[in-house]
Amino acid sequence: MELRGSIVALVTPFKENGDVDFDKLGELLDYHCDNNSGGIVILGTTGESSTLTFEEEEKMVEFSVKRVNKRVPLIVGSGSNETEKAVRMSKKYSMLGADFVLVITPYYNKTNESGLIKHFTMVADASMCPVIMYNVPGRTGMSMSIHALEVLSNHPNIWGIKEASGNMSYAAKVSRLLSKDFHMLSGNDDIIVPMMSIGAEGVISVLANIAPKQTAKLCALCLDEKYKEANKIQMDLLPLINNLFIEVNPIPVKEAMNYLGYGVGGYRAPLDYLTESDRKTLCNEIDRVKELIF
């Protein structure tokens, strides 16, 4: 299954009592299938996966697989800092029908280079669908070495990498490893154009939660190598992108979605609401570009 363009890192909607809102989840899945998203990620960082129980996660995967029904690729977060857990989750979610699994590098306990290679190799060996590795040192405290990536790029069940370090020098080194069998996606909305200009095939996007068509258009222009036109969209949306990270993700994007009427609910602890000052700043920026994102 082809994976490229704007891939939304979907929020997890909650009811007032804190339960997962499956009716709203269904609406969001349909919305992105119908509004040019090239794929949907569930159980990622933006989806607050670290606060969900395994039972909730499994139910969300079953529900999403059935609801999306192959209209677009469905990517499911299955990573852990415990290799055996990542193996079990990747195998389980792939068996439930995920098209790809997204596997973060080990966090907190981290690992050395040989351990990292073993970690992803064991996951890729077990998964029944392709694996996307996820490099986000700002969250995990570690970055994948280029040597480790070079070794892992040869695994037949590793599709590629979501590169979210924000370091263009590092990303340029990753780009030298890209091939028809090893791909890269940007993990940062603020540098979609630069990342795609060096070989990324799209973005796993927080912005796409509220601007799926514009994010898809930006990516499509890059895929057509129309970088000047794409950069115009990138620059127009950059203040909004920056404000979607005025606080830790996904607090601002959920606030933005609720302001726009999506009704995705609140957060699970330890996340909390924006300050009134930050919320006003975010909402003012949304009002400024509302015509552009719709």
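Up top is the structure these notes are about.
All values reported here derive from a predicted model rather than from experimental measurement. (Residues numbered from 1 in each chain as written. Predicted model: local features only at pLDDT ≥ 70, side-chain atom pairs only at ≥ 80, totals over all residues. Heavy atoms only, no water.)

**Some thoughts on the packing of aromatic side chains**
What describes a pair of aromatic rings is the distance from one ring centre to the other and the angle between the planes of the rings.
Reasoning step 1: Counted by the stated rule, this structure contains five aromatic pairs.
Reasoning step 2: Geometrically, the ring pair formed by Tyr31 and Tyr262 is edge-to-face, given 5.7 Å between the ring centres and 70 degrees between the ring planes. With Tyr31 in helix α1 (residues 22-33) and Tyr262 in the loop between α11 (251-259) and α12 (276-293), this pair connects stretches of sequence that are 231 residues apart.
Reasoning step 3: With relative accessibility at 12%, the residue Tyr262 sits in the buried group.
Reasoning step 4: Between Tyr267 and Tyr273, the ring centres sit 5.1 Å apart and the planes meet at 70 degrees, which makes this aromatic pair edge-to-face.
Reasoning step 5: Over the ring of Phe22 we find Lys59, and its NZ or CZ is 4.8 Å from the ring centre. (Phe/Tyr/Trp six-rings, centres within 6.5 Å; stacked < 30°, edge-to-face > 60°. Helix = DSSP H or I, 4+ residues; strand = E, 2+ residues; numbered from the N terminus. Buried < 20%, exposed > 50% of the residue type's maximum accessible area, 1.4 Å probe, protein only. Lys NZ or Arg CZ within 6 Å of the ring centre and 35° of its normal.)

**A look at the pairing of strand β6 (residues 158-163)**
Reasoning step 1: Where burial is concerned, most of β6 is hidden: six out of the six residues are buried.
Reasoning step 2: As judged from the five bridges shared by strand β5 (residues 131-135) and β6, these two strands associate in the parallel manner. The residue of β6 that forms the bridge with Val131 is Ile158.
Reasoning step 3: Pairing geometry for β6 and strand β7 (residues 183-186), over four bridges, is parallel. Bridging across to β7, Lys162 finds its partner in Leu185.
Reasoning step 4: Following the backbone out of β6, through helix α7 (residues 168-175) and into the adjacent parallel β7, one traces a crossover that is right-handed. (Pairing = 2+ DSSP bridges. Right-handed = clockwise from strand over helix to strand, strands pointing away.)

**Observations concerning the pattern of salt bridges**
Reasoning step 1: Under the criterion given, the structure shown has 14 salt bridges.
Reasoning step 2: Lys254 serves as the salt-bridge partner of Glu48, at 2.8 Å between the closest nitrogen and oxygen. Taken together, the positions of Glu48 in the loop between β2 (39-42) and α2 (54-68) and Lys254 in helix α11 put the pair 206 residues apart, joining distant regions of the chain. Accessibility assignment for this pair places Glu48 and Lys254 in one class, buried.
Reasoning step 3: A salt bridge links Lys180 to Asp181; the shortest N-O distance between them is 3.1 Å. (Salt bridge = Lys/Arg side-chain N within 4 Å of Asp/Glu carboxyl O.)

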